[in-house]
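Understanding the architecture of this molecule
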Amino acid sequence: MHVELRIDDTVIMVGDSSEQFPANHLLIHVYVPDVDEVFSRALELECVPVEEPKESEGDPDRRGTFKDFAGNIWSVATQGK
């Protein structure tokens, strides 16, 4: 299976692993317009929460992290002011 995700002006291509292309677990960090909305939608799609969206001291961004069905970690953030 292969999918292309468009987030604003960025396209991310993701595909299933196979004998020829073994699985690679990775961390992807993406800025999104509304981190809370994206995080909530990921959980609806059965992703596993790693860290709820929050603002950390010294970091103007609000970010959250979840793990997808293939074990990849997604860090999503909305840029602060």
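Residues numbered from 1 in each chain as written. Predicted model: local features only at pLDDT ≥ 70, side-chain atom pairs only at ≥ 80, totals over all residues. Heavy atoms only, no water.

1. Quick notes on the packing of aromatic side chains
Convention followed: The rule is short: rings of Phe, Tyr and Trp, with Trp giving its six-membered ring, pair when the centres are within 6.5 Å, and they are stacked under 30 degrees, edge-to-face over 60, tilted in between. Relative accessible area decides the class of each residue, using a 1.4 Å probe on protein chains only: under 20% of the type maximum gives buried, over 50% gives exposed, and in between gives partly exposed.
Following the criterion strictly, the structure yields two aromatic pairs and no others. With centroids separated by 6.5 Å and ring planes inclined at 10°, the aromatic side chains of Phe-66 and Trp-74 adopt a geometry described as stacked. Residue Trp-74 is classed as buried on the basis of its relative accessible area, which comes to 11%. Feature note: the residues Phe-39, Phe-66 and Trp-74 constitute an aromatic cluster, connected by ring pairs.

2. A few points about the side chain of Arg-63
Using the following cut-off: Comment: elements are numbered from the N terminus, with helices defined as DSSP H or I runs of at least four residues and strands as E runs of at least two. For the purposes of these results, a polar contact is taken to be a pair of N or O atoms within 3.5 Å, where, inside protein, one atom must be able to donate a hydrogen and its partner to accept one; residues adjacent in sequence count only when each atom of the pair is a side-chain atom. A contact between two residues is defined here by any heavy atoms of the two lying within 4.5 Å.
Within the secondary structure, Arg-63 is located in strand β5 (residues 62-67). At 2.5 Å, the side chain of Arg-63 and the side chain of His-29 are in polar contact. A polar contact of 3.2 Å, which involves the side chain of Arg-63, links it to the side chain of Asp-61. Here Arg-63 is in contact with His-29, Tyr-31, Val-35, Glu-52, Pro-53, Lys-54, Ser-75, Val-76 and Ala-77, once residues within four sequence places are set aside.

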